[in-house]
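Each chain, letter by letter, is given below.
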Amino acid sequence: MHSLGILLSGRGSNFVAIADSVDAGRIPGARISVVISNKADAPGIATARQRGLHALVIPSKGKAREEHDREVVTALKHHKVDLVCLAGYMRLLSPWFVQQFPQRILNIHPSLLPAFPGLEAQEQAFAYGVKVSGCTVHFVDEELDHGAIIVQKAVPVLDSDDEHTLAARILEQEHVAYTDAINVVLARGFTVIGRRLVTAR
Ligand code: GRF
């Protein structure tokens, strides 16, 4: 059984999409062992509780990065997590954290990386005037929004869009992309050559 750990800081719609996929059997052999938020008021953590999942708040405020990371990793290991999914987790992981789960930490970002890393990626893309944007699920490394790409989904930018309608269509694709990426990683049939993830046939 694969044991997923979800880290979030806010709304939690990507977490819910993953949980729905697990419940529907779209991520075979996986269960969500723990959901952790660094913010007590994250709506996603309330949702996790309502769904009957182990839900923990490990506050980050006022703590050094590595001190907080050590508490989170301890909780993940306690729950025997073997795949960590960042789902709107608004913290950069320390190199130490990343090293605890080699090629086993995923993040989702609402742009086609390497375009528009960082905050408000959909607004950045909209303001830049791109005609295509989308989302990226990638491995987490020591740099922000940077590790090898697992799955990307493209979303056209329409003349009728504003940043909100664009973000909403990207979010729909995020919810599909995260499940796809988890399945790629759990199947283990891939290699990473340089930055290129290639799936064995
Ligand atoms: C998503 O847009 C995700 O790509 C980004 O943060 C947002 C989280 O949304 N990393 P939610 O909390 O999953 O609804």
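Residues numbered from 1 in each chain as written. Predicted model: local features only at pLDDT ≥ 70, side-chain atom pairs only at ≥ 80, totals over all residues. Heavy atoms only, no water.

1. Examining the domain arrangement of the chain
Accessible area lost on assembly of the parts is the figure often given for the size of an interface. In terms of domains, the chain is made up of domain 1 (1-101) and domain 2 (107-201). Inter-centroid distance (C-alpha atoms) of domain 1 to domain 2 is 20 Å. The partner domain 2 presents 17 residues to the 21 residues of domain 1 that form the contact. A buried area of about 1600 Å², summed over both sides, lies between domain 1 and domain 2, and 67% of it is on carbon and sulfur atoms. Summed over the shared surface of domain 1 and domain 2, the number is five residue pairs in polar contact (both at pLDDT 80 or more). Mapped by element, the contributors of at least two residues to the side of domain 1 that touches domain 2 are strand E1 (2-8), helix H1 (13-23), strand E4 (83-86) and helix H4 (95-100). (Domains from an automatic or database assignment. Contact = heavy atoms within 4.5 Å. Buried area = accessible area lost by both parts, 1.4 Å probe. Polar contact = N/O pair within 3.5 Å; in protein donor to acceptor, adjacent residues only side chain to side chain. Helix = DSSP H or I, 4+ residues; strand = E, 2+ residues; numbered from the N terminus.)

2. A word on the site of the ligand
Surveying the vicinity of the ligand reveals the residues Arg11, Gly12, Ser13, Asn14, Gly88, Ile108, His109, Pro110, Gln122 and Glu174. Contacts to the ligand include Gly12, whose backbone N or O atom sits 2.7 Å from an oxygen atom. Here Glu174 contributes a side-chain N or O atom positioned 2.6 Å from an oxygen atom of the ligand. About the coverage of the ligand: the protein hides 86% of its 370 Å² of free accessible area. Elements with a minimum of two residues in the shell around the ligand: H1 and strand E5 (105-109). Of the residues that constitute the shell around the ligand, the class distribution is two nonpolar, six polar and two charged. Looking at the shell around the ligand, you find at least three residues from each of domain 1 (1-101) and domain 2 (107-201). (Near = heavy atom within 4 Å. Areas by Shrake-Rupley, 256 points an atom, 1.4 Å probe, with all protein chains shown as cover. Nonpolar A, V, L, I, M, F, W, Y, C, P; charged D, E, K, R; others polar.)

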